[in-house]
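Descriptive analysis of the structure
So the chains spell out like this:
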There are 2 protein chains.
Amino acid sequence: MAPTDRIRDHPGQGAPTVAAQRTRRRLRADQARQLADLLRHQLLTGGFPAGTLPHESTLATDYRASRNTVRQALDLLRAEGLVQRLPGVGTVVVAQKYPHGLDRLMGLAETLREHGDVTNEVRTMGPAPAPAPVAERLHVPPGADVLYIERLRRLNGLPLSLDLTYIPLDIGAALLGADLENTDVFRLLEATTGRRLGHAEITLEAVNADAHSATVLEAPRGAAVLMLERLTHLADGRPVDLEFIRFRGDRITMSGLLHRSL
Amino acid sequence: MAPTDRIRDHPGQGAPTVAAQRTRRRLRADQARQLADLLRHQLLTGGFPAGTLPHESTLATDYRASRNTVRQALDLLRAEGLVQRLPGVGTVVVAQKYPHGLDRLMGLAETLREHGDVTNEVRTMGPAPAPAPVAERLHVPPGADVLYIERLRRLNGLPLSLDLTYIPLDIGAALLGADLENTDVFRLLEATTGRRLGHAEITLEAVNADAHSATVLEAPRGAAVLMLERLTHLADGRPVDLEFIRFRGDRITMSGLLHRSL
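Residues numbered from 1 in each chain as written. Chains lettered and ligands numbered in written order. Predicted model: local features only at pLDDT ≥ 70, side-chain atom pairs only at ≥ 80, totals over all residues. Heavy atoms only, no water.

Observations concerning the overall build of chain A
The helix and strand inventory of chain A stands at 9 helices and 10 strands. Expected size for 262 residues packed as a compact globule is a radius of gyration near 18 Å; at 24 Å, chain A overshoots this value by more than 25%. The burial tally for chain A puts 55% of its 262 residues in the buried class. When contacts within chain A are restricted to residue pairs at least 6 apart in sequence, those whose partners lie at least 24 apart make up 61%. As displayed, chain A offers around 10900 Å² of accessible surface, 51% of which is attributable to carbon and sulfur atoms. (Helix = DSSP H or I, 4+ residues; strand = E, 2+ residues; numbered from the N terminus. Rg over C-alpha atoms; globule rule 2.2 N^0.38 Å. Buried < 20%, exposed > 50% of the residue type's maximum accessible area, 1.4 Å probe, protein only. Contact = heavy atoms within 4.5 Å. Areas by Shrake-Rupley, 256 points an atom, 1.4 Å probe, with all protein chains shown as cover.)

So this is what it looks like as structure tokens:
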């Protein structure tokens, strides 16, 4: 696969030095990562429709890699929880990552519509005084009550994200009696205000889950989390919805299209 | 801060039951996360210009939280490597996360221009036969040589990302003698082809770093990594650059604007 493969084919004369051994280990690890990245794309995009990866020897031939490199690549995918090894069957795809759109401002149930039912467990909901940075971003006086909502969101019953939401109370009050268990906040905001949402400023980060968040999301402590901070505005520009969302990294991908010119 | 704070203020009569203690612990952990999210936004956006957070008691007053909640929130930020506690000084900001634009297709040096110098350590570079999934996406015959490049990218000397890149050889050959150490591949592609890049399909994920990638990125094993897969096309639509990029989660945020209507 990589040009470096050729180096492995010419180990030189005599016993390998320690430096040569180290170089070879590094090269194999590099090649394993390279192969793992190609396989992970395929398995996340349904490239193995039967749900089973080809045999190691087939992969070795297809990717011009050594059996050791193939094994190490599969180890990487297994450590990520994307595949499992079943005796007598081979390596099977166990990952189920759902694509969250990154091109349009969409609620979770909207963007995952084709993939199943989103349900929301409301952990906390009620008016609370806005801390200064929340008040500033939502354009309300500091200390004014805002609606605070904390939800654990599931797709087909599996925990997907933990969402912390702040909404100015004049707009949020209408949500207090709404069906938050089964409806995106975005949809409720548009339904109760009779206005369309406009745009949102978003920031994405990868963080390790703290113990408490991991427990809530039913993920291992330290699991990689895709963290989304989003400030959503109505079409007239008014900020109405500040959110801090922790997506389980093993269940969500964000996909979109970027253009070179604006 | 949260409406749930009120519950803590009314612990009820007599000795707390085990269930009540558990509820209180959960509430405090929820409140700590909520506070940590607000503080993390501020510290990542330069909200503490002196680089020092206010005293715990000030934070407790400002955020209407208990001292215990404040302490727990600061613990979360410390575990993420965003702040440190210095005896006699207090809690200081140590995070340095750089904002990668998510609105336009940009190379790393372009998007981080204001933040310093991007340098690239070329770990591997040369022609290699394209594995089937690479060939398919780059529209070259399977097994045809493509240019493969592996780079460790640094900002002001600090490791930021590990990039694996595939480019069709008719376009990539011109890059073999180019100054890859100091120039984005995007810029080189536009300079050598005389054509503009058009768009890219991107996918973002949060993953835990495998041991080898962590070593290369000088990050702890299992550190959260922001993984970007990007297929970039020339303005005429031809795919010319397939990349697999691992950003250190503690050094990069991705920021952009989403619109409700397309």
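Okay, back to it.
Examining the side chain of B:T183
All names here are of chain B. Tracing the chain through its elements places T183 in the loop between α7 (169–172) and α8 (185–193). Within the structure, the side chain of T183 is placed 2.7 Å from the backbone oxygen of D179, a separation counted as a polar contact. When near neighbours in sequence (up to four residues on either side) are disregarded, T183 contacts N120, R151 and L188. (Polar contact = N/O pair within 3.5 Å; in protein donor to acceptor, adjacent residues only side chain to side chain.)

Concerning the relation of the copies chain A and chain B
Mapping chain A onto chain B calls for a rotation angle of 180° and an axial translation of 0.0 Å; the resulting RMSD is 0.0 Å. Such a combination of turn and shift is consistent with a two-fold rotation axis. With an isologous cut-off of 70% or more, the 100% of interface residues of chain A that recur at the interface of chain B puts this contact in the isologous class. (Least-squares fit on C-alpha atoms with pLDDT ≥ 70 in both.)

Here's the deal with the sheet that holds strand β6 (residues 158–168) of chain B
Ordered in space as β3(A)-β10(A)-β7(B)-β8(B)-β9(B)-β6(B)-β5(B)-β4(B), the 8 strands form an open sheet in which the pairing is mixed. The sheet is open, and its two borders are formed by β3 (98–101) of chain A together with β4 (118–129) of chain B, each paired with just one other strand. Here the strands of the sheet are splayed against their neighbours by 20° on average, with no regard to which way each runs. On the sheet, helix α2 (residues 18–44) of chain A packs against β4, β5 (145–155), β6, β7 (197–208), β8 (224–234) and β9 (239–248) of chain B and is oriented at approximately 70° with respect to β6(B). Packing of α8(B) onto the sheet brings it into contact with β5, β6, β7, β8 and β9 of chain B, and relative to β9(B) it is tilted by some 165°. (Pairing = 2+ DSSP bridges. Axes fitted to C-alpha atoms, helices over the stretch in contact; angles between N-to-C directions.)

Points about the domain arrangement of chain A
Partitioning chain A into structural domains gives domain 1 (18–93) and domain 2 (98–255). Using only C-alpha atoms to locate each centre, domain 1 of chain A and domain 2 of chain A end up separated by 36 Å. (Domains from an automatic or database assignment.)

Observations concerning the interface of chain A and chain B
Facing the 85 residues of chain A at the interface are 85 residues of chain B. If you sort the residues of chain A by the area they bury against chain B, A:R33, A:L258 and A:R260 come out on top, with a joint share of 14%. The tally of links from chain A across to chain B stands at 14 salt bridges. One salt bridge connects A:D37 with B:R246, and the closest N-O pair in it is separated by 2.7 Å. Among the elements that make up the side of chain A that touches chain B, the one with the highest residue count is strand β7 (residues 197–208) of chain A (12 residues). When grouped by side-chain class, the residues that make up the side of chain A that touches chain B number 41 nonpolar, 21 polar and 23 charged. In this structure, β7(A) lies alongside strand β10 (residues 252–259) of chain B, joined through 6 bridges in antiparallel fashion. Bridged to A:A200 within β10(B) is B:L258. (Buried area = accessible area lost by both parts, 1.4 Å probe. Salt bridge = Lys/Arg side-chain N within 4 Å of Asp/Glu carboxyl O. Nonpolar A, V, L, I, M, F, W, Y, C, P; charged D, E, K, R; others polar.)

Quick word on the sheet that holds β7(A)
Here we have 8 strands laid out as an open sheet, ordered β4(A)-β5(A)-β6(A)-β9(A)-β8(A)-β7(A)-β10(B)-β3(B), and mixed in their pairing. The open sheet has two free edges, formed respectively by β4 (118–129) of chain A together with β3 (98–101) of chain B, since each of these has just one partner strand. Between one strand and the next, the sheet's axes are offset by a mean angle of 20°, whatever the strand orientation. Where strand β5 (residues 145–155) of chain A and strand β6 (residues 158–168) of chain A come together, 10 bridges link them in antiparallel fashion. The partner of A:Y148 across the bridge, within β6(A), is A:Y166. Where helix α8 (residues 185–193) of chain A meets the sheet, its contacts fall on β5, β6, β7, β8 (224–234) and β9 (239–248) of chain A, and the angle it forms with β9(A) comes to roughly 165°.

Section: the packing of helix α2 (residues 18–44) of chain B against helix α4 (residues 67–79) of chain B
Residues and elements named next belong to chain B. Across the interface, α2 lies against α4 with an axial gap of 8 Å and an inter-helix angle of 55°. One element, α2, and the other, α4, form an angle in the oblique class. The handedness of the crossing between α2 and α4 is right-handed. Of the residues in α4, those in contact with R28, A29, Q31, A32, R33, L35, A36, L39, R40 and L43 of α2 are N68, T69, V70, Q72, A73, L74, L76 and L77. Considered class by class, the residues forming the contact of α2 with α4 number 11 nonpolar, 4 polar and 3 charged. (Parallel < 35°, antiparallel > 145°, perpendicular 65-115°, else oblique. Left-handed = near helix turned anticlockwise from the far one by under 90°.)

Some thoughts on α2(B)
With 27 residues, α2(B) should cover 39 Å at 1.5 Å per step; its first-to-last C-alpha distance of 38 Å lies within 8% of that length. The positive-phi residue at the C-terminal boundary of α2(B) is B:G46, with phi of around 75°. (Expected span 1.5 Å × (residues − 1).)

Observations regarding the packing of aromatic side chains
A full pass over the atoms with the stated rule returns 4 aromatic pairs over all chains. Both rings, one in A:Y148 and one in A:Y166, keep their centres 5.1 Å apart while their planes meet at 50°; by these two values the pair is tilted. Within this pair, whereas A:Y148 is found in strand β5, its partner A:Y166 is found in strand β6, the two being separated by 18 residues in sequence. The interplanar angle of 85° and the centroid separation of 6.2 Å between the aromatic rings of B:Y166 and B:F244 together place this pair among those described as edge-to-face. Here B:Y166, found in strand β6, pairs with B:F244, found in strand β9; they are 78 residues apart in sequence, far enough to count as distant. Like B:Y166, the residue B:F244 is buried in the burial classification. One aromatic cluster is present, built from ring pairs that chain together A:Y148, A:Y166 and A:F244. (Phe/Tyr/Trp six-rings, centres within 6.5 Å; stacked < 30°, edge-to-face > 60°.)

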